[in-house]
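Residues per chain, in single letters:
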Amino acid sequence: MPEIPKAYEPGRIERDWYNFWLKQGYFTPEIDPKKKPFVIIMPPPNVTGELHLGHALTTTLEDVMVRWQRMKGKPTLWLPGTDHAGIATQVVVEQRLAEQSVTRRDVGREKFLQVAWEWVNNSRASINLQHQMLGASCDWTRERFTLDEGPSKAVRTAFVNLYNKGLIYRGERIINWCPRCQTALSDLEVEHKEINGHLYYIRYPLAAESGFITVATTRPETFFGDTAVAVNPEDVRYKDLIGKKVVLPIIDKQIPVIADDAVDVSFGTGALKITPAHDPTDFEVGQRHNLPLVDIMNPDATLNENAGPYAGLERFACRDMVVDDLKGKGLLEKIEPYLHSVGHCIRCQTMVEPRVSLQWFIRTKPLAEKAIRTVREGDITIIPERFTKIYFEWMENIKDWCISRQLWWGHRIPVWYCQDCGEFTVSVDIVSHCSHCGSIQIAQDNDVLDTWFSSALWTHSTLGWPEDTEDLRYFYPGAVMETGYDILFFWVARMIMMGLEDTGEIPFRTVYLHGLIRDEHGEKMSKLRGNVINPTEAINEYGVDALRFALASNSTPGNDTNLGRGKVESSRNFVNKLWNAARFIFQSVDAQVVADSSQLTALRMEDRWIVSRLNRVIGEVNRLMERFEFGEACWQIYDFMWGEFCDWYVEIAKLRLRPVEPAASPLPFLMNVLESSLRLLHPFMPFVTEELWQNVKQYFPEESHMPDSIMTASYPIADSGAIDPEAERAMNSVIEIIRSIRNVRARYKVEAAKQIEAWVYADELLPQISSQAEAIKTLARVNPLVVAPRKERKGDVGRAVVLVLKESEVILPWASLVDLSVEEQRLTREREVTEARIGQLDARLRDNDFLAKAPQHVVEKEKKRLTELRDKLERVKMEISQLRS
Ligand SMILES: [Zn+2]
Ligand SMILES: [Zn+2]
């Protein structure tokens, strides 16, 4: 039998086993119509992304589910892929072009896309490698990219279908515009931040009479786009002004005063400037009153010709000049500080400009209604449950989704505009002439679709939809969608809407949401704080299994995970503990084949105990996994393997390995429990379990027909017949005895090598405890040991430590615990130190100077301390006199 290395070397075996699994084709499921498959479609990481701990957590949790289900015998598909990440990738490629001092417009669309593809192909390959490094058992033969031909055709098909049903439309609406990215953004791509701004009070002179109306605004520079001033119809202050005209200063334009219920009389002056083209609320007011839309900005947020003399200025520079000029004309009443929330682009953090623009939208309401119903009726379950309510709230208030983006990187909108008749041609395939008039003077829409549009189809586009493929028929709908709670709306909700719309079926049955990863103090990880754990570095230092176990064991559904290096390190210690225990077992076997433990009769108590505990833990772990409580499942396995198997069973077994008595050999139990435990742990720590399992396997007879890999072995199932409450009770009692004696030894600092005397008294469990006398003697370093019925216990045991335990009583005679003369010396020193301290304190409390100057609470504290020291002195004196008696 080959020796296994002394220390566990993760790097080497991780690579080797991953390649072995890949070569064996274990990650690719067999389609078996008689079996229901288990399917997870991997949330595609952004192709721009570098692997961070969030990815490592996603990968770990999904791999845990997938390996577990595969071991349970289900055809299991975990489909990997990456997302083209529209804006994010475009930003990266533009930065690369900027390094060569060119813009995307300089190089043109074709060249730009070529540069983007080169970069993306590299990045994709490295993301896939990172997943493989983490042990992800996903089916690489089915890997997809959102811009692949299949998923792209799905995008065009979904677009055309929605358009034909009237659920996609093009219209002028107010949208969030990023002046840096120069594209529309959906509401979800805007991050709101509190800004310390100002509220400017501006006077608009009345047109036909003297006087003015004062409006309050945070954005004076947009007044060029005002098309009305609105007041509340109930506001007595302005009743007479409704219907009259005011003059916009500087550009001398007249606009009406209108009445609208939406005006809040308590905000500012109660009169609002209405700029329908640059504010979402004003846009709605404008719609109600048929106000014209005056767009005053260019795409880069400089002012356009509608701003008269200010045209060409940047929006904030313009604000400063407008304020100065209004002040000069006496039209600025006052400026107040004002804290308000302002939208920023989540990609580049530029302040978003609300802007009326011609864009494509999805009418989401009808889609959302169906998506709400499926969750309400329980066809889809969200874990943890509390997110269901958040989901309903969002879906019930959903607004139309702006899906066009003024970018080049992405799925180009499948619409062609006719220059002759002005109609659209909407088509899945490229068209050469207008479907209305036949003209060839047509041009495709320049824009691309929001990346989340293709992500919304991911559950079925990856399986071949819109074609009727075998994969789609067999693997759709998926079982679980596992992802971060932060993209519940961006992604999960939209997948449910589009899955139902495209296929008529739900896309998955369970949504499992995990939280964010924070540092050990619960702080957000950031480069600035320097508390980021780089997964690649952690893997190099501790191994993949340690990182995976730390991530899985500390996660609970929907909650953030606090993770410091300490946790990864303690997981590594667990791997080492396991390695060393296994190594000891292998070294104890003399090349003989170990029998199956279930064939053995006349089991010893500790054997019955460990088999019973194993089966309880197997049952518990399976139950926890069913409920998605992976963290708790980890701890059950950890406590069993380390706290019971390694610390107790292996230690007790060592005693039995010494004498030559084959019938009583613990080896079958050591091997069998180790073998089952490895399978139980495999989904969490795939590499070390495979390495050890391959070694264990060699000791099992041919007839056990063990598979080639632990990956394809079956997941342990609890045998309720093996549960033995009597053995558990007895072994718990023995463990309690040994632990208590060890604690006493530690408390009195008894030297490790020193044997101490112990008397153990018990009633019911006497025979069982007696049978473990050797274990107690060795593991607690006791000699002599007396185990006797409780009725033989003497009333007076002399000076001794008495431990009253659950099922027994342990007496440790004082004389064997401590060296009396050493103890007397120690106590004498203790007495001297205490007396000296009392002397000092007493003197201080008699010192009038101190009593006059010190605060009362300090004096009280010192008095209390003195009393305590006097009590202590009494105790020490008593112990000394007892020692001498
Ligand atoms: Zn931006
Ligand atoms: Zn036409």
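Treat the numbers as computed from the prediction; the structure is a model and nothing was measured.

Participant: Sorry if this is basic, but what is going on with the pairing of strand S22 (residues 478-484) here?
Facilitator: The two faces of the sheet receive side chains in turn, since in a regular strand these alternate between them. Counted residue by residue, S22 has 7 buried out of 7 residues, so it is predominantly covered. As judged from the 6 bridges shared by S22 and strand S23 (residues 508-514), these two strands associate in the parallel manner. Each bridged residue has a counterpart across the sheet, and for Glu-482 the counterpart in S23 is Tyr-512.

Participant: Looking at this structure, I do not really get the coordination of the zinc ion (ligand 2). What am I missing?
Facilitator: Put simply, a metal with four donors set out as a tetrahedron has ideal angles of 109.5 degrees, and one with six donors set out as an octahedron has ideal angles of 90 or 180 degrees. With distances of 2.2 to 2.3 Å, the protein atoms coordinating the zinc ion (ligand 2) are Cys-418 (SG), Cys-421 (SG), Cys-434 (SG) and Cys-437 (SG). Relative to the metal, the 4 donor atoms surrounding the zinc ion (ligand 2) lie at angles of 104 to 115°, and the coordination shape comes out tetrahedral. Positions of the donor residues of the zinc ion (ligand 2), expressed as sequence spacing, correspond to C-x2-C-x12-C-x2-C. Pair noted here: Cys-421 is in the loop between strand S18 (415-418) and strand S19 (424-426) and Cys-437 is in the loop between S19 and strand S20 (442-444), with a separation of 16 residues, a long-range link. A relative accessible area of 33% places Cys-421 in the partly exposed class. The partly exposed category is assigned to Cys-437, whose relative accessible area is 42%.

Participant: Please explain the sheet that holds strand S28 (residues 800-804) as it appears in this structure.
Facilitator: In any sheet, the strands associate via hydrogen bonds between backbone groups, in a parallel or an antiparallel arrangement. Here we have 4 strands laid out as an open sheet, ordered S27-S26-S29-S28, and mixed in their pairing. Of all strands in the sheet, those bounded by a partner on one side alone are strand S27 (782-789) and S28. Averaged over all pairs of adjacent strands, the angle between their axes in this sheet comes to 15°, without regard to strand direction. In this sheet, strand S29 (residues 808-813) lies alongside strand S26 (residues 756-762) in antiparallel orientation, the contact comprising 4 bridges. By the bridge assignment, Trp-759 is partnered in S29 with Ile-811. Of the strands in this sheet, S26, S27, S28 and S29 touch helix H21 (residues 725-747), which is tilted by about 25° from S29.

Participant: Please clarify how the coordination of the zinc ion (ligand 1) should be interpreted in this entry.
Facilitator: Within the first shell, the zinc ion (ligand 1) binds the protein through Cys-178 (SG), Cys-181 (SG), Cys-345 (SG) and Cys-348 (SG), at distances of 2.2 to 2.4 Å. With 4 donor atoms in place around the zinc ion (ligand 1) and angles of 103 to 115° between them, the coordination shape is tetrahedral. On the basis of relative accessible area, Cys-178 is assigned to the buried category, the value being 0%. Classification of Cys-181 as buried rests on a relative accessible area of 4%.

Participant: Help me out: how do you make sense of the packing of aromatic side chains in this one?
Facilitator: Any two aromatic rings considered together are summarised by their centre-to-centre distance and by the angle between their planes. Per the counting criterion, the structure on display carries 36 aromatic pairs. Look at Trp-17 and Phe-20: their rings are 5.4 Å apart centre to centre, the planes differ by 80°, and that puts the pair in the edge-to-face class. Taken together, the residues Trp-17 and Phe-20, both in helix H1 (residues 10-24) and 3 residues apart, mark about one turn of the helix. Aromatic pair Phe-112 and Trp-408: ring centres 5.6 Å apart, planes at 75°, arrangement edge-to-face. A residue pair is termed long-range when its members are at least 10 positions apart, and Phe-112 in helix H4 (residues 104-133) and Trp-408 in the loop between strand S17 (404-405) and S18 qualify at 296 residues. The exposure class of Trp-408 is buried, given its relative accessible area of 15%. Here the aromatic residues Phe-159, Tyr-163, Trp-360, Tyr-417 and Phe-424 are joined through ring pairs into a cluster of three or more. Looking at Lys-654, its charged tip hangs above the ring of Phe-584, at a distance of 4.8 Å from the centre.

Participant: Which parts of the structure should I look at to understand empty space enclosed by the protein?
Facilitator: Counting across every chain of the model gives 2 cavities of 30 Å³ or more. The calculated volume of the largest cavity comes to roughly 40 Å³. Surrounding the largest cavity, Pro-45, Asn-46, Gly-49, Glu-50, Leu-51, His-55, Ile-127, Gln-130 and His-131 form its lining. When residues in the lining of the largest cavity are grouped by element, the largest group, 3 residues, is from H4. Partitioned by chemical class, the residues of the lining of the largest cavity number 3 nonpolar, 5 polar and 1 charged. In this structure, the second largest cavity occupies an estimated 30 Å³ of space. Lining the second largest cavity, in full, are Val-39, Ile-40, Ile-41, Thr-459, Gly-478, Ala-479, Val-480, Met-481, Pro-507 and Phe-508. Elements with a minimum of two residues in the lining of the second largest cavity: strand S1 (38-41) and S22.

Participant: Please clarify how the sheet that holds strand S6 (residues 183-185) should be interpreted in this entry.
Facilitator: The 4 strands lie next to each other as S6-S5-S14-S16, forming an open sheet whose pairing is antiparallel. Two strands bound the open sheet, and with one partner strand each, they are S6 and strand S16 (401-402).

Participant: Help me understand the side chain of Arg-656, please; the structure alone is not making it clear to me.
Facilitator: For Arg-656, the position within the fold is in helix H18 (residues 630-657). The buried category is assigned to Arg-656, whose relative accessible area is 10%. With near-sequence residues (within four places) excluded, Arg-656 lies in contact with Arg-604, Glu-606, Asp-607, Tyr-649, Ala-664, Ser-665 and Pro-666.

Participant: I'm lost on the packing of helix H17 (residues 605-626) against H18 in this one. Help?
Facilitator: When two helices pack together, their arrangement is given by the angle between the helix axes and the distance between those axes. Taken N-terminus to C-terminus, the directions of H17 and H18 make an angle of 170°; their axes are 10 Å apart at the nearest point. One finds that H17 runs roughly antiparallel with respect to H18. For the pair H17 and H18, the contacting residues are Glu-606, Asp-607, Trp-609, Ile-610, Arg-613, Leu-614, Val-617, Glu-620, Val-621, Leu-624 and Met-625 in the first and Phe-630, Glu-632, Ala-633, Gln-636, Ile-637, Phe-640, Glu-644, Phe-645, Trp-648, Tyr-649, Ile-652 and Arg-656 in the second. Grouping the constituent residues of the contact of H17 with H18 by class yields 15 nonpolar, 1 polar and 7 charged.

Participant: Whenever I open this one, the nonpolar core confuses me. Can you help?
Facilitator: Within soluble globular proteins, side chains that are nonpolar generally end up buried alongside one another. Formed by 136 residues in total, the largest nonpolar core has its most connected members in Phe-645, Phe-684, Ile-741 and Leu-812. Counting residues per element, this core draws most heavily on H18, which supplies 15 residues. Excluding residues within four positions of it along the chain, Phe-645 makes contact with Ile-585, Ile-610, Phe-640, Val-650, Leu-670, Val-673 and Leu-674.

Participant: Explain the environment of His-192 here, please?
Facilitator: Residue position: His-192 is located in strand S7 (residues 190-205). The class for His-192 is exposed, based on a relative accessible area of 57%. Along the chain, His-192 and His-340 lie 148 residues apart, while their C-alpha atoms are 9.6 Å from each other. Sequence-distant contacts of His-192, that is, excluding residues within four places in its chain, are made with Ser-341, Val-342 and Gly-343.

Participant: Help me understand the pattern of salt bridges in this model?
Facilitator: A side chain with one charge can pair with a side chain of the opposite charge if their charged atoms come near. Enumeration according to the criterion identifies 54 salt bridges in this entry. Glu-620 serves as the salt-bridge partner of Arg-623, at 2.8 Å between the closest nitrogen and oxygen. Of this pair, Arg-623 and Glu-620 both sit in helix H17, 3 residues apart, which is roughly one turn of the helix. Since its relative accessible area comes to 46%, Arg-623 is described here as partly exposed. What you see here is one network of salt bridges that share partners, running through Arg-219, Glu-221, Arg-315, Arg-319 and Glu-353.

Calculation rules
Residues numbered from 1 in each chain as written. Chains lettered and ligands numbered in written order. Predicted model: local features only at pLDDT ≥ 70, side-chain atom pairs only at ≥ 80, totals over all residues. Heavy atoms only, no water. Buried < 20%, exposed > 50% of the residue type's maximum accessible area, 1.4 Å probe, protein only. Helix = DSSP H or I, 4+ residues; strand = E, 2+ residues; numbered from the N terminus. Pairing = 2+ DSSP bridges. Donors = N, O, S within 2.8 Å, 3.2 Å for Na, K, Ca; no water. Tetrahedral: all angles 85-135°; square planar, octahedral: opposite > 155°, others 65-115°. Axes fitted to C-alpha atoms, helices over the stretch in contact; angles between N-to-C directions. Contact = heavy atoms within 4.5 Å. Phe/Tyr/Trp six-rings, centres within 6.5 Å; stacked < 30°, edge-to-face > 60°. Lys NZ or Arg CZ within 6 Å of the ring centre and 35° of its normal. 1 Å grid on protein atoms, 1.4 Å probe; cavity = no way out; pocket = protein on both sides within 12 Å on 5 of 7 lines; lining within 4 Å. Points joined across faces, edges and corners; volume = space filled by probe spheres on them. Nonpolar A, V, L, I, M, F, W, Y, C, P; charged D, E, K, R; others polar. Parallel < 35°, antiparallel > 145°, perpendicular 65-115°, else oblique. Core = buried A, V, L, I, M, F, W, Y, C linked by side-chain atoms within 4.5 Å. Salt bridge = Lys/Arg side-chain N within 4 Å of Asp/Glu carboxyl O.

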